[in-house]
Amino acid sequence: MAPVASCTTGIERFLTLKAPHVEDFELVTEEGETPQQMLDKANVLVIGAGGLGCEILKDLVMSGFKNIHVIDMDTIDVSNLNRQFLFRKKDVGKPKAEVAAEFIRQRSPDVNITAHYKRIQDMPEEFYLSLSLIVCGLDSIEARRWINAFIYNLAERHGYEGFKPIIDGGTEGLRGNMRVILPKHNACFDCGLDMYPPKTTYPICTIANTPRLPEHCIEWASVLEWPRIFPDKKLDGDDVDHINWVVEQASQRAASFNISGITFSLAQGVVKNIIPAIASTNAIIAAACVNEAVKLITSCNKYLDNSMLYTGDAGVYFFAYPLFQSETCLVCGQKEGSMDALSTSTLEDLITALKEHSVFQLKAPSLTYGETSLYFQKPKMLEEQTRPNLSKSLNDLFDSGSTLTVTDPTLPTSLRVTVNFSDKAS
Amino acid sequence: MRKIWDKKKTDVQAQKAQPPKESPAKIRLQKDLSELEISKDMEIIASPTNIMEFSVVYRPQEGYYSNGEFKFQVSVSHNYPHEPPKVHCVQTIFHPNIDTEGHICLNILREEWKPVLNIQSVLFGLRMLFEAPNPEDPLNKEAARLLIDNEPEFARTVSSSMRGRMIGLVQYDRVLVSHSNYY
């Protein structure tokens, strides 16, 4: 018989003891559910099956989660094997999500785990609605921004049914961080976007003319030479032939400037913007993330409010702090409102109403509906092209109950205004 | 988790029929574009069907590049404003900070980009580049050297390049403003 994880004994006992001062924790809820049952039926999505992802998956299983989805669009590289411990040498080239899920199935047959070798953008809305919460072990700001905006929107449109807390972990060498994002309740990912340093870049003139570092030569080969020689082919950081070409070009250039140190791994690191990963930092952050998941699901103890920093490079320092919602946040800083209008009134009438509205008091609103630009105040060419919409009646442009995105110089970000036709039931 | 949700009374009306919200990048760009203060010497060529790609036309009124008409392709990614917009000069021009393939060496487009900057800042940066070319950080070394060593000759070379002449081994694009669309 396959070995069955007995590591969950600890958490099972823990969930049967009532801790003092934790008001929300009940041994049996009004609905007759025990914390253990909540854990058993929780449906958790892990985004990313890399360094953090492997740790998160292991910790979730060992904490007693029974229903897990894992999504990752990447395949296993030989350089992953030192820390992504769910993978073996024979797995190189296979999808991370599938190999990780299979490992867990073998180790813990009682866990129901599903792999998705896909982009997060490719999963349907129903899938996200079926989840309890999301744990992210990502290495990309872009993916975090996407899931954050998507999940915020889900809560906005579905209320509690669409409320999916995101626990976001991140590591960089000896440093790490964690966020507990409760959509519509606290700061979202975009609220703290300014805190993330942009990708390291070098002035293009330095790259072109006065390289001093091997990185400058690699950027010259990848940013300037590659598009010049192969205008129709995108440089792929995972393609060995592509990186070898970069190494060859960069080495020649480095030699002529008396620079040394061009290697395959440095070239790939620069092209893919790889930050050195340390397995133990991943372990610390992943463990902290999974403990938050247990607390959110069972209410057994107070959860993180709402951000945590681990700076292992500065003599080990942990700091937890509440990050506030940003007024200028492009996701949750948007104002919400609704307006009644006649379906036969024109877009120009609506704009006038937005300006005269006692709450909104806009000065020069520009409006879009989904992908359609309804009216732009500026620049000239967009104004001219959208001007014909001004005289169109609203029911020719959108249906009653539609939500428009409005920007205006008086708004820090934008206003989402839902327009209801007062002469028609929506 | 029901208790966590209920802690904050948020009115959520049933809006299930709504299309998903626009990307934060697009909302920010809508704000940037619709609030641009554009002077007469610049123009934005954009289409309401896809605002993420647009062109900038700049006709400097003074300096080495006056009477020229310079075109830039701007492409804004879905990671804007975390990432800067990509700006490319579509013509082959003789400029110390722009190479003959159209790469532009402007600090705010790369290493000095900050999310608080916007399209207005990019237009300002482009203007600075043509009003005061910077030979200290060159991309076209030949042009930079000429500007440092022999400024009158640089000015003559710029105007000859703008007429579409050949300089060295490079055929430059004719970029003189045509009077029909000059205003």
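Residues numbered from 1 in each chain as written. Chains lettered and ligands numbered in written order. Predicted model: local features only at pLDDT ≥ 70, side-chain atom pairs only at ≥ 80, totals over all residues.

Assigned secondary structure in chain B consists of five helices and six strands. When the helices and strands of chain B are read in sequence order from the N terminus, they spell out α-α-β-β-β-β-α-α-α-β-β. Seen along its three principal axes, the alpha-carbon backbone of chain B occupies a region of about 75 × 35 × 25 Å. Taken over 183 residues, chain B has a buried fraction of 41%. Taking the contacts inside chain B whose residues are at least 6 apart along the sequence as the reference set, 51% of them involve residues at least 24 apart. (Helix = DSSP H or I, 4+ residues; strand = E, 2+ residues; numbered from the N terminus. Buried ≥ 20, exposed ≤ 12 C-beta atoms within 10 Å, placed from the backbone. Contact = placed C-beta atoms within 7 Å.)

For helix α11 (residues 279–298) of chain A, with 20 residues, the first-to-last C-alpha span of 29 Å sits near the 28 Å given by 1.5 Å per residue. Of the residues trailing α11 of chain A, S299 of chain A is marked for its positive phi of about 60°. (Expected span 1.5 Å × (residues − 1).)

Our next topic: the domain arrangement of chain A. Domain assignment breaks chain A into domain 1 (9–196 + 276–321), domain 2 (204–272) and domain 3 (335–421). Computed over C-alpha atoms only, the centres of domain 1 of chain A and domain 2 of chain A are separated by 36 Å. (Domains from an automatic or database assignment.)

The next subject is the interface of chain A and chain B. In this assembly, 52 residues from chain A lie in contact with 48 residues from chain B. For the side of chain A that touches chain B, the elements supplying multiple residues, two or more each, are α6 (141–158), α7 (204–209), α8 (214–229), α11, β10 (366–369), α13 (380–386) and β12 (402–407) of chain A. Take the side of chain A that touches chain B: its biggest share by element is eight residues, from α6 of chain A. Residues that form the side of chain A that touches chain B fall into these classes: 22 nonpolar, 20 polar and ten charged. (Nonpolar A, V, L, I, M, F, W, Y, C, P; charged D, E, K, R; others polar.)

This part takes up the packing of α8 of chain A against helix α9 (residues 240–256) of chain A. Residue and element names in this part refer to chain A. At a minimum axis separation of 8 Å, α8 and α9 run at an interaxial angle of 125°. With respect to α9, the axis of α8 lies oblique. The interaxial crossing formed by α8 with α9 has right-handed handedness. Within the contact between the two elements, α8 uses P214, C217, I218, W220, A221, S222 and E225 and α9 uses V246, Q249, A250, R253 and A254. (Axes fitted to C-alpha atoms, helices over the stretch in contact; angles between N-to-C directions. Parallel < 35°, antiparallel > 145°, perpendicular 65-115°, else oblique. Left-handed = near helix turned anticlockwise from the far one by under 90°.)

Right, let's get into the sheet that holds strand β4 (residues 86–89) of chain B. Residue and element names in this part refer to chain B. On the basis of which strands lie adjacent, the open sheet formed by four strands has the order β1-β2-β3-β4 and antiparallel pairing. Every interior strand has two partners, whereas the edge strands, β1 (42–47) and β4, have only one. Neighbour-to-neighbour, the strand axes of the sheet open up by a mean angle of 25°, direction not taken into account. Looking at chain direction, strand β3 (residues 70–75) and β4 are connected through four bridges and run antiparallel. Within β4, the position partnered with S75 by the bridge is K86. Those strands touched by helix α3 (residues 119–131) are β1, β2 (50–58), β3 and β4, and its axis lies near 25° from that of β2. (Pairing = 2+ DSSP bridges.)

All names here are of chain B. When the UniProt feature table is mapped onto this chain numbering, "active site" (unreviewed entry) sits at C105. Topologically, C105 is positioned in the loop between β4 and α3. Among the residues examined, C105 registers 24 C-beta atoms within 10 Å and is labelled buried. (UniProt positions renumbered as here; feature names shortened; annotations may be inferred.)

Let us look at the sheet that holds β10 of chain A. Pairing is mixed in the open sheet, where five strands are placed in the order β9-β13-β12-β10-β11 (chain A). Both outer strands of the open sheet, β9 (335–341) and β11 (372–375) of chain A, are each paired with one neighbouring strand and no more. Along the sheet, successive strands turn relative to each other by an average axial angle of 30°, direction set aside. The pairing of β12 of chain A with strand β13 (residues 415–421) of chain A spans five bridges and is antiparallel. Bridge pairing in β13 of chain A links L404 of chain A to V417 of chain A. Here helix α2 (residues 24–34) of chain B sits on the sheet in contact with β10 and β12 of chain A, set at roughly 50° to β12 of chain A.

A separate point is the nonpolar core. The nonpolar side chains of a soluble globular protein tend to be buried, and buried together. I218, V246, A250 and A267 of chain A together with L126 of chain B are the most contacted members of the largest nonpolar core, which has 76 residues in total. The element contributing the most residues to this core is α3 of chain B, with six residues. Looking at which domains feed residues into this core, each of domain 2 (204–272) and domain 3 (335–421) of chain A supplies at least three. The contacts of A250 of chain A, once residues within four sequence positions are left out, are C217, I218, W220, A221, I262 and A267 of chain A. Of all hydrophobic cores here, the second largest spans 73 residues; its members include L15, V99 and I113 of chain A together with I27 of chain B. (Core = buried A, V, L, I, M, F, W, Y, C linked by C-beta atoms within 7 Å.)

What follows is about the UniProt feature "domain: E2 binding" (unreviewed entry) in chain A. Feature annotation in UniProt assigns "domain: E2 binding" (unreviewed entry) to the following positions: residues 339–422 of chain A. For residues 339–422 of chain A, the helix share is 25%, the strand share is 29%, and the end-to-end C-alpha distance is 9 Å.

Our focus in this paragraph is the packing of helix α3 (residues 51–62) of chain A against α11 of chain A. All names here are of chain A. Relative to each other, α3 and α11 sit at 45°, their axes nearing to 8 Å. With respect to α11, the axis of α3 lies oblique. Where α3 crosses over α11, the two elements pack in a sense that is right-handed. Where α3 abuts α11, its residues G51, L52, E55, I56, D59 and L60 lie against A279, N282, A283, I285, A286, A287, C289, V290 and A293. For the contact of α3 with α11, the per-class residue count stands at eleven nonpolar, two polar and two charged.

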